[in-house]
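# Inside the fold
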Amino acid sequence: MLTTTTTSPILSSQVIMRAADRAARAIPPLWPLASSVAVNPFLGQSDEPLAMAAARLRRVGGIALTMPRHWYAERLRSGEIAEVDLRAAFEAAPAAHRPKTFVTLKQAALVERAAPRAIPTVAELARDVASIDWPGIVNDRIGHWASGYFDQGQALWASAPASGAFAAWRSVATNDLTPEILGLAGFAHGVADAPAEAEEALAVCVSRLGLSEAALESYFHRLLSSLGGWGQVARYRLWQAELGGAVDASVTDMLAIRISWEAALLRQYAAEIGPQLAAAMLAFFEPLVATPDDDIDAILQEAVERAAQRRLHGLLAARPPAAATLDRPSLQMAFCIDVRSEVFRRALEQVDPGIRTIGFAGFFGLGIGHRRFASDVVEARLPVLLTPGLMTRSGASTPQTQAADVTSRIKARAKRAWGRFKLAAISSFAFVEAAGPLYVVKLLRDGLALTRHPAPNDPAPQPESTLDLETRVTMATSVLKAMSLTRGFARLVLVAGHGANVVNNPHASGLHCGACGGYSGEVNARLLAALLNAPDVRADLSRRGIAIPEDTLFLAALHDTTTDAVKIYSNDWPALAHAQDLAQATTWLASAGVLARAERALRLPRAAAGQDILHRARDWAELRPEWALAGCQAFVAAPRLRTAGRDLAGRAFLHDYDWRQDEGFKVLELIMTAPVVVASWISLQYYGSTVAPELFGAGNKLLHNVTGGIGVVEGNGGLLRGGLPWQSVHDGDRPTHEPLRLSVLVEAPQDAINAILDRHPEVRKLFDNRWLHLFALDEEGIMTWRYAGNLRWDKGLDDADLAREALQAVA
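First, a word on scope: everything that follows refers to the structure included in this document. Keep in mind that what you see is a predicted model, and the values were worked out from it rather than measured.

### Here we look at the overall build of the chain
- The number of helices and strands found in the chain is 30 helices and 20 strands.
- Here the C-alpha atoms of the chain give a radius of gyration of 28 Å, agreeing with the 28 Å that 2.2 N^0.38 yields for 811 residues.
- Taken along the three principal axes of its C-alpha coordinates, the chain extends 85 × 75 × 50 Å.
- Taken over 811 residues, the chain has a buried fraction of 55%.
- Summarising the internal contacts of the chain: among those between residues at least 6 apart in sequence, 74% fall at separations of at least 24.
- Within the structure as shown, the chain displays about 34,300 Å² of accessible surface, and the carbon and sulfur contribution to it stands at 57%.
- The average position of the 81 basic charges and that of the 86 acidic charges among the side chains of the chain differ by 3 Å.

Listed below in C-alpha cells is the structure:
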C-alpha cells in the first residue's frame, strides 16, 4: 500500500486539484481523425511570451521552441535576414531580455545551444539505474489500455463500460501481470490497495513523491506531456464538455494513472534514485525563468519574421497592372480563405479580366450540425471554437428519399458486417485463403492508382426544421455584409467550399476545411447558395438595401485542393437561362486548374509537371499528395484589390473586408475573433510540428497505425501522436514549412482594432505576447503601423530606406 515516506507537508485535495486543472489546460486538445483540425499546441502558453514558453516546455517536454541556431545563421549569411531585420528585432526586445550589445547578439547566433533536456521523471531515473526501459514500458501499457478505452468504433471488442478513465484503467491494471513480469514487483497489488477514486489516488501519490505545492503544476504538466496524444485526447474531451456547459474528468484521471506508475516505480527504486529524485523535485520547485539563451532565440525568431514581413511589404507596395473596370463582373466566385485558395484565385483571375474572386471563412457564416445522407452522426461543420446553431440534413423528407435512405443504411451495415467478418479472430484466416484471389483486380487497380473517387454528392442539404423568413433574411444579410458583397453582383456567383480527395491517408480530414471542423465545405456552400436564391429572401434583402438582380444565380461548388478540380452543384438549382454562363465558368475553372497545378508542381517532390498531381491524389503510396497549408505566414483582411495581381505563393489567408461598409465594425470583430484565431491555430500547429516534432508532431507516416479510430501510433503501440506528420512539413531534405508566427494585416482604423482587442482579452494576449503579429494597413494597403502590445502602435514598414530594401528584395 502507498504510504507517505517524506516530511513534506500534506497538501489539501483542493490545492492538488487546482494544480492538476492548470496543468490540464497547459496541454493542447487532440481532435479525432474523422474530424481532425489544426490545434495551437501552445494554447496553454498564450499568456506568456515565446522565451518564457520555451523555458516552460524545455522543462516539461525537453523541446526547443525555435529552430537550431545554424538555421538562423545561414539566413544571416545569405542575406535573407538583413541587418535591418536583426537590428529591429534587437531593439524591439525589452532591455532586460536582450544581450547588452548588438554585436553580442550576432556572435551568439553563431553558437549552437546544447540540446534541451526535460526534468527527469521517476520512470526515467529508474531506467537509468535498472537498465530497463521503464518510460517505454509505461507508455506501452497505458497506450494498450487507452486505445481500447478511447476507441471510437475501430475495436472489434469494445472495452467494458466504466464510470471514468481511472476506474477503467484500475480494473485492467489490477489484473495486468506484464509490469511484474518485466520487473516491477507488486504493481497490480499496489494498484488494488490504492484509493479507487482518481482524486484520492492522486493525493496519495503526491504525498508519496514528496511534492511541494510550488512543484505541483510543473510536475503534473511534465507527466501529461509524457503521455503524448493520450493526454491530448483527454483534453479534447474536456474541451467538448465545456462547450456544452458540462465537465469531464478524463485529463485528471490520466494524470492519476501516470502518477500511479511513478509511485509504484519509486517504491521499488527509492534507495537507488533518492538523490537524483530530490534534485528533480527541487528543479520542479524552482521558479520558471527564461534564460539569456531563450531571449536570444526569441530575438532571432523575431528577426526572421521581420524579414518575411519586409518581403511581404514589398509585394503589397509594388503596384500591379490596374484591374479592368467593368460595369458587371463576368463571374464572381467566393472561396474559403485557406492559403491553398490563393493560388487558385490568382490563376482564375488570370484566365479572364472580368472574373472577381472573394475570400471568406469556409463555413460561410453558417454554424451547422449536419447529418449526412443515411447517417445519424452529427457533424459539427463550423470552427471548433463555436457550437452549432442550426441543425441540417442531406435530402428532403419525401417517399423517394426515405426509400433511398433505407437502402443506403442497409448497404452500409452490410459493408460494416463484412469488414468485421474479415477481421474477426477466426474467420480472418479462412477469409484470406478463400477470398484472396478475388481481390487481385482490386489490388491492381488501387496499386496502379486507377481508382477514381468522386466528390461528395449527397442530396442537397436543408435545415431540419423550417426557418421563418426573418431568420433566413437575417442570416443572408449578415453573411453578405461579412463578405463585403452587397452590390455589383454577377449573373453567376459561385460559392466554393473546399476538400481534399486522397487515399490511404489517416490524416485526410486535416486536409479538409478547418473552418468546417475538419469536413469538406460543400454542405455549407450549398446551404448558402439555396438561401440566397430564395425569392422571398431576395425580396426582403432588397428592402434592407441589398438588391440582388433577378438574373443573378448562386451555385455551390467544391474546390478539390489536391487536384485543383472544381465540382459545381448545378443540379441544386437548375436554370436553363444560365446554361451558357455555367458552361463558360466550367471552362474557366478547368483552365485555372491547369495553371494552379503547374505552379504547385514546382513545390512538390517528384512532380515534374501539373498532370503529375492528378495521379498523386489516387496513389495509396504517396506520402505527400499536397502540401496543405505548409508555408502559411500571413493573414490579410482587406479589399481584394490590395492583393490582386500579387504572387503570394499560397502563403496568405485572404479575407475580403472593407471597413467603410462595416457599420460599428461588427464584421471586423467577427474576423478577429474567429477566422484570425482559426488561422493562428493552423499557423502555430505547423510551427510546432516543425520546431518540436518529437512532442508536437505525428511522426513518420511510413510507421503509422490507426488506433481506436482517434489517432495514430508509430509501430504497434505506445504513445498516440498528435500534430502533423513529418512528411507534411518536410520534403526529405529540408523543412518545406518555414516556421514563422502569423502576420495579421488589417485595413481598418487603429482605434477600431484596439477597441476589439480590449473587448476580447483572449485574442489580445495572442498579439501582446507575440504569438501573432499585427499590422494596420493604410488607405493604399501599405503596412504602415505595427502593433507593439498593450494597445500601442509603432510606425510600421513604410519608411523610405526599408521600402527600398523591400522592393530590391522583390526584384
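### Some words on the layout of surface pockets
- Approximately 1,700 Å³ is the volume attributed to the largest pocket.
- Looking at the largest pocket, it is lined by 42 residues, and the ones nearest its centre are R372, H453, V502, A508 and H512.
- When residues of the lining of the largest pocket are traced back to their parent elements, those giving at least two are strand 4 (378-381), helix 17 (399-423), strand 8 (553-560) and strand 9 (565-568).
- The residue inventory of the lining of the largest pocket, partitioned by class, reads 18 nonpolar, 11 polar and 13 charged.

### Brief notes about the sheet that holds strand 15 (residues 720-721)
- An order of 13-14-15 is seen for the 3 strands of this open sheet, with the pairing classed as antiparallel. The sheet is open, and its two borders are formed by strand 13 (704-707) and strand 15, each paired with just one other strand.
- Bridging between strand 13 and strand 14 (residues 711-714) involves 4 bridges; their strand directions are antiparallel. Following the sheet pairing, T707 is matched in strand 14 by G711.

### Considering helix 21 (residues 522-533)
- For helix 21, which comprises 12 residues, the first-to-last C-alpha distance of 16 Å matches the rise-based estimate of 16 Å (1.5 Å per residue) to within 8%.
- Here helix 21 lies mainly inside the structure; 11 of its 12 residues are buried.
- What helix 21 keeps buried is the set E522, V523, N524, A525, R526, L527, L528, A529, L531, L532 and N533.

### Brief notes about the nonpolar core
- Membership of the largest hydrophobic core comes to 134 residues, with the highest contact counts inside it found for L65, F635, F653, L668, I753, F767 and L774.
- A per-element tally of this core places helix 26 (residues 675-691) first, with 10 residues.
- The residues touching F767, leaving out its near neighbours within four places in the chain, are M672, V676, V744, L757, L772, H773, L774 and Y787.
- Grouped together as the second largest cluster of nonpolar side chains are 68 residues, L30, V138, W145 and L255 included.

### Some remarks on the environment of A167
- Along the chain, A167 turns up in helix 8 (residues 165-173).
- When its relative accessible area of 29% is taken as the criterion, A167 is described as partly exposed.
- Residues A167 and F775 lie 608 residues apart in sequence; the distance between their C-alpha atoms is 51 Å.

### Quick look at the sheet that holds strand 11 (residues 652-656)
- Across the sheet, which stays open at both edges, the 6 strands sit in the order 11-10-17-18-19-20 with mixed pairing between neighbours. Edge strands, defined here as strands with exactly one partner in the open sheet, are strand 11 and strand 20 (792-795). Ignoring strand direction, the axes of neighbouring strands in this sheet form an average angle of 25°.
- For strand 10 (residues 634-638) and strand 17 (residues 743-746), the ladder comprises 4 bridges, and the chain directions are parallel. If you follow V636 over to strand 17, its bridge partner there is L745.
- In this fold helix 28 (residues 750-759) packs onto strand 17, strand 18 (773-777), strand 19 (783-789) and strand 20, with an angle of close to 145° to the strand it touches most, strand 18.

### Remarks on the packing of aromatic side chains
- According to the stated counting rule, one finds 25 aromatic pairs in the structure shown.
- Three or more aromatic residues joined by ring pairs make a cluster, and in this case those are W31, Y236, W239 and W681.
- We note R98 situated over the ring of F90; from NZ or CZ to the ring centre the distance is 4.8 Å.
- Over the ring of Y569 we find K567, and its NZ or CZ is 5.3 Å from the ring centre.

### Observations regarding the packing of helix 2 (residues 50-61) against helix 12 (residues 213-226)
- Where helix 2 contacts helix 12, the two axes come as close as 8 Å, and the packing angle between them is 65°. Our pair here, helix 2 against helix 12, has a crossing hand that is right-handed. In contact with R56, L57, R59 and V60 of helix 2, helix 12 contributes S218, H221, R222 and S225.
- Taken together, the residues of the contact of helix 2 with helix 12 sort by class into 2 nonpolar, 3 polar and 3 charged.

Conventions and cut-offs
- Every chain begins its residue count from 1, and numbering advances along the sequence as written.
- Under the rules for a predicted model, residues below a pLDDT of 70 receive no local features and side-chain atom pairs below 80 are neither given nor counted, while totals for whole chains, interfaces and linings still include all residues.
- Water and hydrogen atoms play no part in the side-chain values, which are based on all heavy atoms of the structure.
- Here a strand is any run of E in DSSP of at least two residues, a helix any run of H or I of at least four, and the numbering for each starts at the N terminus.
- With C-alpha atoms as the basis for the radius of gyration, the globule rule is written as 2.2 Å multiplied by the number of residues raised to the power 0.38.
- Only protein chains enter the accessibility calculation, which uses a 1.4 Å probe. A residue is then buried if its area is under 20% of the maximum for its type, exposed if over 50%, and partly exposed in between.
- Contact definition: two residues touch when any of their heavy atoms are within 4.5 Å.
- Residue burial considers only the protein chains on display, and all accessible areas are found by Shrake-Rupley using a 1.4 Å probe.
- His is not counted, nor are the chain ends; Lys and Arg add positive charge and Asp and Glu add negative charge.
- The atoms used to mark charge sites are NZ of Lys, CZ of Arg, CG of Asp and CD of Glu.
- The way it works is a 1 Å grid over only the protein atoms, where trapped points that fit a 1.4 Å probe form a cavity and open points with protein on both sides within 12 Å along at least five of seven lines form a pocket, and then any residue with an atom within 4 Å of a point lines it.
- Grid points are joined across faces, edges and corners, and a volume is the space filled by probe spheres set on the points.
- Gly counts as polar in this scheme, as do all residues outside two lists: the nonpolar Ala, Val, Leu, Ile, Met, Phe, Trp, Tyr, Cys and Pro, and the charged Asp, Glu, Lys and Arg.
- Only strands that DSSP links by at least two bridges are regarded as paired with each other.
- In this analysis, the expected span of each helix is defined as 1.5 Å times one less than the number of residues it contains.
- Here, nonpolar core means buried Ala, Val, Leu, Ile, Met, Phe, Trp, Tyr and Cys residues that are tied together by side-chain atoms lying within 4.5 Å of each other.
- Only the stretch in contact is used when fitting a helix axis, every axis being a line fitted to C-alpha atoms; angles between N-to-C directions are given from 0 to 180 degrees.
- Ring geometry is summarised as follows: Phe, Tyr and Trp rings, the Trp one being its six-membered ring, pair when their centres sit within 6.5 Å, and such pairs are stacked at plane angles under 30 degrees, edge-to-face over 60 and tilted between the two.
- Placement of a positive charge over a ring is assigned whenever Lys NZ or Arg CZ falls within 6 Å of the ring centre and within 35 degrees of the normal to the ring plane.
- Take the far helix as your reference; a near helix turned counterclockwise from it by less than a right angle gives a left-handed crossing, and one turned clockwise gives a right-handed crossing.

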